[in-house]
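Here is how the chains run, residue by residue.
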Amino acid sequence: MAFDVSVITLYPEAFPGVLDVSILGRARRDGLWSLDTIDLREFGLGRHRQVDETPAGGGAGLVLRPDVAAAAIDSLGPSERPLIYLSPRGQPFDADMAATFARGPGMVCFCGRFEGLDERVIEHRDMIEVSIGDFILAGGEVAAQTIIEATVRLLPGVAGNQTSIEDESFSNGLLEYPQYTLPRVWEDHPTPDVLLSGDHQKIAEWRLNRSKLLTEARRIDLWAAYLNGQEIRASETDDEHD
Ligand code: SAH
């Protein structure tokens, strides 16, 4: 069963964009996932197909109308797929959220523009607000492509090598260890000896250790969560022995 993605946007020409290259492009051509765009403009009102209005209460900019947004959403019919509004106010997107979406039947992404979307449609269409970071984009299209790419590459059969997904940053709560390849000496800088030793256990230990050092140095938030998780696991094993 394919993973079906729909995107509601004022700029359908922005899709598939980067989603059509490399492994995601191939997977789409192979039918592992599908992508369709819904042009929000088609649901606009009047001769000019107007989609926006000035904010109630005054202030700068324009707001997307709830009736127009709802007409576009409802045109998809009833669906089990999560309806995601890309929004800087949303829950921060991360690898766990991507994995949760990847286990589902697909996703519907609503891309905002201007000052965003009328609050009533967010509430009454049960939209899930998702943010890709603490900054403001001009619109939701790049954010939608980001969460689609991060999710679809987790689907079975999309990435050629499943172990490379299991190994990468965040999969065990840590940042990935440093990677090296040929040549063995580059501008007088050798590849660490242990990686050439052929001793798989030693290599695994070295990598885990480097992952920990990097995470502690760069991401104190992830490091604290990792240590916390280790403590919980340790106390659970203690309980089992009691
Ligand atoms: N006035 C809004 C920002 C609007 S930006 C505010 O201050 O919260 C216009 C659109 O771009 C938004 O509706 C949203 O769909 C998208 N967007 C901007 N930044 C984003 C982010 N960090 N994550 C996800 N979507 C974002």
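The shown structure was predicted, so the numbers you read here are calculated from the model rather than taken from an experiment.

**Student:** Would you explain the layout of surface pockets in this entry?
**Tutor:** To locate leftover empty space, one rolls a probe as large as a water molecule over the atoms. Looking at the largest pocket, its volume works out to about 810 Å³. Lining the largest pocket are 25 residues, with D94, A95, D96, S169 and F170 positioned closest to its centre. Among the secondary structure elements, those contributing two or more residues to the lining of the largest pocket are helix 3 (95-102), helix 6 (162-167) and helix 8 (220-241). No other element matches helix 8, which puts 5 residues into the lining of the largest pocket. Of the residues in the lining of the largest pocket, the class split is 12 nonpolar, 6 polar and 7 charged. Space inside the second largest pocket adds up to approximately 410 Å³. Of all the secondary structure elements, the ones that give two or more residues to the lining of the second largest pocket are strand 5 (83-92), helix 4 (119-124) and strand 7 (128-131).

**Student:** Can you walk me through the site of the ligand in this structure?
**Tutor:** Around the ligand there are 20 residues in total, and Y85, L86, G112, F135 and L137 lie nearest to it. The backbone of E115 places a nitrogen or oxygen atom 3.2 Å from a nitrogen atom of the ligand. In isolation the ligand exposes 560 Å². Once the protein is present, 86% of that is buried. In a pocket analysis with a 2 Å cut-off to the grid points, the ligand is assigned to the second largest pocket.

Rules and cut-offs
- Residues numbered from 1 in each chain as written.
- Predicted model: local features only at pLDDT ≥ 70, side-chain atom pairs only at ≥ 80, totals over all residues.
- Heavy atoms only, no water.
- 1 Å grid on protein atoms, 1.4 Å probe; cavity = no way out; pocket = protein on both sides within 12 Å on 5 of 7 lines; lining within 4 Å.
- Points joined across faces, edges and corners; volume = space filled by probe spheres on them.
- Helix = DSSP H or I, 4+ residues; strand = E, 2+ residues; numbered from the N terminus.
- Nonpolar A, V, L, I, M, F, W, Y, C, P; charged D, E, K, R; others polar.
- Near = heavy atom within 4 Å.
- Polar contact = N/O pair within 3.5 Å; in protein donor to acceptor, adjacent residues only side chain to side chain.
- Areas by Shrake-Rupley, 256 points an atom, 1.4 Å probe, with all protein chains shown as cover.
- Sits in = over half its atoms within 2 Å of the grid points.

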